[in-house]
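# Examining the three-dimensional arrangement
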There are 4 protein chains.
Amino acid sequence: MIIVLKPNTTEEGIQRVVKRIKELGLDAMVSRGMMRTIIGVIGEEDRIRIQPLEAIPGVEHVMPVLAPYKMASREFQPEDTVVRVGQAEFGGAGVSVIAGPCAVESRDQLFAIAEAVSKGGAVALRGGAFKPRTSPYSFQGLGEEGLNYLKECRERFGLPIVTEVVDTRHVEMVARYADVLQIGARNMQNFSLITEAGRTGKPILLKRGMSATVKDLLMSAEYILTQGNSNVILCERGIKTFEDGTRNTVDISAIPALRLASHLPVIVDPSHGTGRRELIAPLARAAVAAGANGIMVEVHHCPEKALCDGPQALLPTDFAEMMDEVTIIAEAMGKTVSRMPKTGRKETASR
Amino acid sequence: MIIVLKPNTTEEGIQRVVKRIKELGLDAMVSRGMMRTIIGVIGEEDRIRIQPLEAIPGVEHVMPVLAPYKMASREFQPEDTVVRVGQAEFGGAGVSVIAGPCAVESRDQLFAIAEAVSKGGAVALRGGAFKPRTSPYSFQGLGEEGLNYLKECRERFGLPIVTEVVDTRHVEMVARYADVLQIGARNMQNFSLITEAGRTGKPILLKRGMSATVKDLLMSAEYILTQGNSNVILCERGIKTFEDGTRNTVDISAIPALRLASHLPVIVDPSHGTGRRELIAPLARAAVAAGANGIMVEVHHCPEKALCDGPQALLPTDFAEMMDEVTIIAEAMGKTVSRMPKTGRKETASR
Amino acid sequence: MIIVLKPNTTEEGIQRVVKRIKELGLDAMVSRGMMRTIIGVIGEEDRIRIQPLEAIPGVEHVMPVLAPYKMASREFQPEDTVVRVGQAEFGGAGVSVIAGPCAVESRDQLFAIAEAVSKGGAVALRGGAFKPRTSPYSFQGLGEEGLNYLKECRERFGLPIVTEVVDTRHVEMVARYADVLQIGARNMQNFSLITEAGRTGKPILLKRGMSATVKDLLMSAEYILTQGNSNVILCERGIKTFEDGTRNTVDISAIPALRLASHLPVIVDPSHGTGRRELIAPLARAAVAAGANGIMVEVHHCPEKALCDGPQALLPTDFAEMMDEVTIIAEAMGKTVSRMPKTGRKETASR
Amino acid sequence: MIIVLKPNTTEEGIQRVVKRIKELGLDAMVSRGMMRTIIGVIGEEDRIRIQPLEAIPGVEHVMPVLAPYKMASREFQPEDTVVRVGQAEFGGAGVSVIAGPCAVESRDQLFAIAEAVSKGGAVALRGGAFKPRTSPYSFQGLGEEGLNYLKECRERFGLPIVTEVVDTRHVEMVARYADVLQIGARNMQNFSLITEAGRTGKPILLKRGMSATVKDLLMSAEYILTQGNSNVILCERGIKTFEDGTRNTVDISAIPALRLASHLPVIVDPSHGTGRRELIAPLARAAVAAGANGIMVEVHHCPEKALCDGPQALLPTDFAEMMDEVTIIAEAMGKTVSRMPKTGRKETASR
């Protein structure tokens, strides 16, 4: 940590700051420049991080030197984390695709879509039973009934289930049904929820908040890791910008930035990220080319009747096409797109 | 709702959309322009809102005509809502100030600050017992112990308590202690939490999310109002922008925009909004000049020892000065700054 | 300047960086922490600023300690700069209001509006003869013909003229007519233009770019100051954010932030900043309460016929009302709103 | 164009708006809904676009139906524009790479880098002789001397020259040296400059402004197209967001969005877009996977001595590696990366 003092800070002022640092069991190294005095703090930076040193009179600003996350960092763990979900893997040599409807709307709808995405090559089925909706008048999900349909689909198609949890009171119940607990963008900093979800030990798919930095996302992952759960899949799903031609702006640079800073797998959700069906496949290709470990997309057999987010869902035929395109890019990257074999065992596709 | 069709949509395509609208019990009015065909939807727009019409082939985009919130709108209730908190009011002719530490750190700390803000003219005491912190290594709050200190302060100084709730499982407990339940920016779209908080019937202080639009904030208020609880205080606390000289950018225009669109009271939190102590008073003055119904600020008797957000807290003397400045602006606006009398009954200050 | 090295940098790597710093005539102070080695650079920071030290192998990041502007800073000049424009002043004890149409559309239009704003209390007339418009099909201004009308209005109403220059080739000509050269938001970083405008010695009204930070604005001011022209008026006019209910988001905190960092006067343009007529007066009040030295607004006698930006223009009666409101807030702040007397000499209004 | 009236607008108010539309030679179609009256405008929308209808009393908002650009749109020209630059092409079946230093610093530097990028497979040489720099104290470019070095390099290596023009007064001179005139992000809305540059008939490389939407970029392209110059190459180079881990956020979705909306070629500049050397190749791959027609990158043989933007420049070896990676992705997309043959004639590489 580096502490920059205001111009004209007196020697007494300097010593006051130094004393405070030493009280915290750290060492201070004073560097008197022509324009400013700077104090380098030596020791365990975290001990000082929680102290608002900027509030000390004479301090102009405090610059942390280290990343504020630890367990999520590459420095802590140089090798990639591989999260296993059923027979699929996130973080290894493959590219894994999760697909399904935005919301579980009915048993028939879910079965039709699950069949399509299973055939199309998805390794996991997504579908929300609890939907966080901006409007209280919008469809809020089927709740436990929806979870039951998801469970039936797992049994029928052999696809592990990814589903969102939105309330600490539901974590235990959702965890009984789900293979992966999804934390939505709006809940990325719902620290009670992510802590509780982390405690289940289940893989957590953690979506980046719409206004969260890459660093914020890793801090939220850190909450889960500190619960002893290292099965965290990070998901870039678009951030808020002034651009109004897309629902959000997918931050593709977050993929390599996260891969460099952390050992956790990174997937991309181009459906929510763009909100426009015609942009999903190009962004899925770009994500894989930038090094993503997977893709999550919305598929609906009849988007215009979808109760939620119809315009950003792919038709089953679009999905199959996207899978082909993603496969070609993955292979160019020296990777393979993971596929579920008909027998139920996963194997690696080659086109 | 207005539906714009893609160029060169066939007559059959047009009729398909019209048929769909009529199936929903609404009427459609087709307008054939030189460049585009447009369909105006007549009837209850909400019936169609949940249908993703943009997913129908041939539809280019769908433009809602009405605001998506109802009970929160001025059209629904033209007169101002006045939320009563103890003897204080938010939304009437006065300007009410809430003050206190970011977090409750100890009994002594809270009593010292409560006394200072009580003397300084605050009408309610804020202080977090549950703190949503970006880092799992940061101080997370004292929990119920902190709530007890807050309760003691209410008894001692006659100040109603504003405190944050972050977990649906805690809502009932926090509501036993608090006069106002605060929903933090990170939880503005934690719909389970706001619904549960709304159900208590207690006044809710709803902070705008860092990346939420004015419309999003009103949609979250709508969640609370639909629970039969109209005691909602909206709070502008800064939004995320590219500007890096302040923690966030306080959107002062949101104050008149919210006051025009809604009947709910609006307060401003310049502490979180700027993150810089020297900008708090200017922003508090600006907020009142723009029509805010109140101000919420952080006060700490020793900011450099604060366990949370020290640099943005005012010293008790700064607070007194800010109160004087806010009082002058309020009076210029023909308003008064509400004060708690020594006897415990609220009256109106005149300088 | 502080240089943070990557973890595990060898002693040789450290010495390489130190050598490079010494070659530049500066001194280096090495601080070896547990996690990172940090090098403080002592001497004239500017000498090193233009060197991309971040490109040296082993360097993780470089943190400048000082603000990159000098002549624009309060450290360079502690007392306020007062810019004189005709008989008006920007930066002194008063609040000065500039008003007029967005664009000069015709002689009649300009005279009608000039008369109204003169009566209403503006101390300068704004009006664009050259309009930077997003669309090539929009009205681009009357050019020199418009400048002539502005000149006539100055003679008739005694109001100094503020008008925009958009092309280096026009600077000399526009300077012959104008009392203040306006640099629009889109040209804030058109460094050729601001340098050329600065060279005229005329007062420059420099608008903040839509995506410029406070620091960027001061850097652009620095360009003008280094031309020997200290007559710079800074103008906050709204920044781009994700909020879509207003045209831009007026950053009111930029006013005190600029006033603390710089000696230059700061005014606010709530017309462009909000794009909504009903928000102009509240934002003008807020700006003055936050410490602005002036306000610039658009006034049009018939906004619906305005060739440019009609929805954000005030009617003359709205303008008079806004002036009353601004006067009340200014007086509460211990300031006065400057007025032009009928005799043509400026005096100070008292309500 | 669709005009939504305020609630409770009287019949007289409706007729006033209709009258105004008919005065403009257009037809109006009134649609009276339960909540709002809506007026559809039939005819040439552009005629009405310049009229601020929102300023008419009773009008709540005006929604344009058509894109505001014409000549830049796919509707206007369905087939791709191919811009020829020397023997290279932008917009056809290939992927073309422009490379070179940020700034021309010296004859030796430019020759060394030109040789490297020529060998590495670039089809054009970039290098700034006029540099728009945030600080007046930063290196501003060598001016015409730099243009001469660029010209020499073209003769020596057969590479066409891409160089920035920043001042209308220099357009003619720069056009004498350059094969492509670059308009920088800060000048995207410097309409005088882009008009003047457009008039030369030379290919224009138009960079997206840091806070410009996709629509804004196409509007600026429209300025050039209306000068009779259709040789416009659009360049995505990152937009401003709150994310602080990268210099800007490259908006990869802008590539397919621009390709769908317009016939103009689109390239991506991952150097400025990320500001981090290690993110350049992943973003270049992503850009090509998303459908970009080319890439522009900064290459420097000694980034730590670069006078401008060193940290974001590739070393010649990094560049060669990036070219290999881009080639692989291009081939996966069924495209080829254009290469300059040693004889000076362009041919298509196959790896």
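Residue positions are given per chain, counting from 1 as you read along its sequence in written order. A letter from A marks each chain and a number from 1 marks each ligand, given out in the order of writing. Under the rules for a predicted model, residues below a pLDDT of 70 receive no local features and side-chain atom pairs below 80 are neither given nor counted, while totals for whole chains, interfaces and linings still include all residues. Based on all heavy atoms of the structure, the side-chain values leave hydrogens and waters out of the count.

## A few points about the interface of chain D and chain C
In this assembly, 49 residues from chain D lie in contact with 48 residues from chain C. Of the roughly 4,100 Å² buried at the junction of chain D and chain C (both faces included), carbon and sulfur atoms supply 51%. Take a side-chain nitrogen of Lys or Arg and a carboxyl oxygen of Asp or Glu: if they are within 4 Å of each other, that pair is a salt bridge. For the interface between chain D and chain C, the tally reads four salt bridges. A salt bridge links Lys240 of chain C to Asp216 of chain D, with the shortest nitrogen-to-oxygen separation between them at 3.6 Å. Identification of polar contacts relies on pairs of N or O atoms within 3.5 Å, with a donor-acceptor requirement for protein atoms, meaning one able to donate a hydrogen and the other able to accept it, and with residues adjacent in sequence counted only if both atoms are side-chain atoms. Where chain D meets chain C, there are 19 residue pairs in polar contact (both at pLDDT 80 or more). Strands here mean DSSP runs of E at least two residues long; helices mean DSSP runs of H or I at least four residues long; both are numbered from the N terminus. Counting residues per element, the ones that place at least two in the side of chain D that touches chain C are helix H1 (11–23), helix H6 (191–199) and helix H7 (214–225) of chain D. It is H7 of chain D that provides the largest number of residues to the side of chain D that touches chain C, a total of four residues. All amino acids are sorted into three groups, where Ala, Val, Leu, Ile, Met, Phe, Trp, Tyr, Cys and Pro are nonpolar, Asp, Glu, Lys and Arg are charged, and the leftover types, Gly among them, are polar. For the side of chain D that touches chain C, a count of residues per class yields 20 nonpolar, 14 polar and 15 charged. Note on definitions: a residue-residue contact is assigned when non-hydrogen atoms from the two residues lie within 4.5 Å. What counts as buried area is the accessible surface, traced by a 1.4 Å probe, that two parts surrender upon association, with contributions from both included.

## Looking at the sheet that holds strand S4 (residues 59–63) of chain C
Residues and elements named next belong to chain C. Sheet architecture is open: four strands sit in the order S2-S3-S1-S4, paired in antiparallel fashion. Looking at strand neighbours, the two that pair on one side only are strand S2 (27–32) and S4, the edges of this open sheet. Sheet twist, expressed as the average angle between the axes of neighbouring strands with direction ignored, equals 20 degrees. Strands are treated as partners if at least two bridges between them are detected by DSSP. Two elements, strand S1 (residues 2–5) and S4, share four bridges in a ladder whose sense is antiparallel. Looking at S4, one finds that Val4 is bridged to His61. Under this scheme, a helix contributes an axis fitted over its contacting stretch, all axes are lines through C-alpha atoms, and angles between N-to-C directions fall in the 0 to 180 degree range. On the sheet, helix H1 (residues 11–23) packs against S1, S2, strand S3 (37–42) and S4 and is oriented at approximately 155 degrees with respect to S2.

## As for the interface of chain D and chain A
Counting residues at the interface gives 36 residues for chain D and 36 residues for chain A. Note on chain D versus chain A: buried area summed over both sides is about 2,600 Å², and carbon and sulfur give 72% of it. Considering only the surface of chain D that becomes buried against chain A, Phe242, Glu243 and Ser253 of chain D emerge as the three largest contributors, covering 21% of it. Summed over the shared surface of chain D and chain A, the number is two salt bridges. Put simply, Glu243 of chain D and Arg208 of chain A hold a salt bridge, and the shortest N to O gap is 2.7 Å. Viewed at the interface, chain A and chain D are joined by six residue pairs in polar contact (both at pLDDT 80 or more). When residues of the side of chain D that touches chain A are traced back to their parent elements, those giving at least two are helix H8 (254–261), helix H10 (277–289) and helix H11 (316–332) of chain D.

## Remarks on the domain arrangement of chain A
Domain start and end points were adopted from an automatic or database domain assignment. Under the domain assignment used here, chain A contains domain 1 (2–63) and domain 2 (83–348). Each of domain 1 of chain A and domain 2 of chain A was reduced to a C-alpha centroid, and the two centroids are 44 Å apart.

## Considering the relation of the copies chain D and chain A
In screw terms, the move from chain D to chain A is a rotation of 180 degrees and a rise of 0.0 Å along the axis, fitting with an RMSD of 0.0 Å. Overall, the copies show the geometry of a two-fold rotation axis. Closest to the rotation axis within chain D is the C-alpha of Ala286 of chain D, separated from it by 2.0 Å. In this assembly the copies share their binding face: 100% of the residues contributing to the interface of chain D also contribute to that of chain A. In superposing the copies, a least-squares fit is computed on C-alpha atoms, taking residues whose pLDDT is at least 70 in both.

## Side note on the relation of the copies chain D and chain C
If you rotate chain D by 180 degrees and push it 0.0 Å along the axis, it lands on chain C with an RMSD of 0.0 Å. A high fraction, 98%, of the interface residues of chain D reappear at the interface in chain C, so the copies pair face to face through one surface.

## Some remarks on the environment of Phe90 of chain B
Residue and element names in this part refer to chain B. By the element assignment, Phe90 lies in strand S6 (residues 88–90). For the pair Phe90 and Gly58, spaced 32 residues apart in sequence, the C-alpha separation works out to 49 Å. If sequence neighbours within four positions are ignored, Phe90 has contacts with Thr81, Val82, Val83, Val85, Ser96, Ile98, Val123, Ile233, Pro265, Ile267 and Asn293.

## Considerations on the environment of Leu264 of chain C
Residues and elements named next belong to chain C. Turning to its location among the elements, Leu264 is positioned in the loop between helix H8 (254–261) and strand S13 (266–268). Between the C-alpha atoms of Leu264 and Glu79, which are 185 residues apart in sequence, the distance is 9.3 Å. Residues contacting Leu264, with those up to four places away along its chain left out, are Ala72, Thr81, Ala221, Leu225, Ser230, Val232, Leu234 and Arg259.

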